[in-house]
Amino acid sequence: EVEGMLLRAWHALVLLGAVLAPLGRVLSAQEGLRKRTTKEAIVKANTSKEIAEAVGTRIDNFCASFQAFYDGLGLDKKSDNKIVARLFDSQAEFEQYFRRTTGEDDPPLAYFDPSLNALVLYDDEANVTLRQTLFHETSHQFLERYTSDAPKWLNEGLAEYFEGWRMTPESKLLEKRVNLFDL
């Protein structure tokens, strides 16, 4: 009887190991993830502390520009949500994540992932277009402070409008202008 109990316990452990093994692979894929919090953002990254903080500062600066815009409209905030960003250290890691989670082959520069409730992007300090895309994507999450049900034309229209604004590399506003490419 004891031998039968030990055998059943052994089988249960083997089964539990088979069930938990895939979970271990998922968790190990996220090793090195560090969370940095700034005034306006939560940045979850496997980059250096300096890079994650620079992206957080960029988002803080973007939010200051958005806030000035929305203050000018006289709208009331519904929430003070933080902008959440998942930042990959390299474009290759970002693209691999995109393909694995979406099943699509053509990754954008950055995007919003509803399952993470986060912006997803990679680090490339020299890529001005990537910074503008981050500005665009951040505007979507910022709009959630005022409404969670904006029509798509308004949500995308505002994001495209903001994307045209000229910013410093640190993302301080230089000039409000339309996105010339979209015109």
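The following paragraphs examine the structure supplied in this document. Along each chain, residue indices are assigned from 1 in the same order as the chain's sequence is written. This being a predicted model, a pLDDT of at least 70 is required before a residue's local features are given, and a value of 80 or more before pairs of side-chain atoms are given or counted; all residues contribute to the totals for chains, interfaces and linings. Calculated side-chain values reflect all of the structure's heavy atoms, with hydrogen atoms and water omitted.

## Observations concerning the sheet that holds strand 2 (residues 41-45)
Pairing between strands is defined by DSSP: at least two bridges between them are needed. The secondary structure listing takes helices from DSSP runs of H or I that are at least 4 residues long and strands from runs of E that are at least 2 residues long, numbered from the N terminus. Pairing is mixed in the open sheet, where five strands are placed in the order 1-2-3-5-4. Each edge of the open sheet is held by one strand with a lone partner, namely strand 1 (34-37) and strand 4 (110-113). With direction set aside, neighbouring strand axes in the sheet form an average angle of 25 degrees. Bridging between strand 3 (residues 83-88) and strand 5 (residues 118-122) involves four bridges; their strand directions are parallel. Inter-axis angles, ranging from 0 to 180 degrees, are taken between N-to-C directions of lines fitted to C-alpha atoms, where helices are fitted over the stretch in contact.

## Things to note about the side chain of E40
Tracing the backbone through its elements, the reader meets E40 in the loop between strand 1 and strand 2. Polar side-chain contacts of E40 include one of 2.6 Å to the side chain of R145. Here a polar contact means two N or O atoms within 3.5 Å. Within protein one must be a hydrogen donor candidate and the other an acceptor candidate, and residues neighboring in sequence count only if both atoms are side-chain atoms.

## Digging into empty space enclosed by the protein
Two kinds of site are reported from a 1 Å grid over the protein atoms alone, namely cavities, where a 1.4 Å probe fits but cannot get out, and pockets, open sets with protein on both sides within 12 Å along at least five of seven lines, and residues are called lining when an atom falls within 4 Å of a point. Grid points are joined across faces, edges and corners, and a volume is the space filled by probe spheres set on the points. Under the defined criterion, the tally for this structure stands at one cavity of 30 Å³ or more. Here the largest cavity defines a volume of roughly 70 Å³. Together, V55, R58, L87, L121, Y122, D123, D124, E125, N127, L130, R131 and L134 line the largest cavity. Breaking the lining of the largest cavity down by element, the ones donating at least two residues are helix 2 (49-73), strand 5 and helix 4 (128-143). Counting residues per element, the lining of the largest cavity draws most heavily on helix 4, which supplies three residues. Charged means Asp, Glu, Lys or Arg here, nonpolar means Ala, Val, Leu, Ile, Met, Phe, Trp, Tyr, Cys or Pro, and polar covers whatever is left, Gly included. In terms of residue class, the lining of the largest cavity is built from six nonpolar, one polar and five charged.

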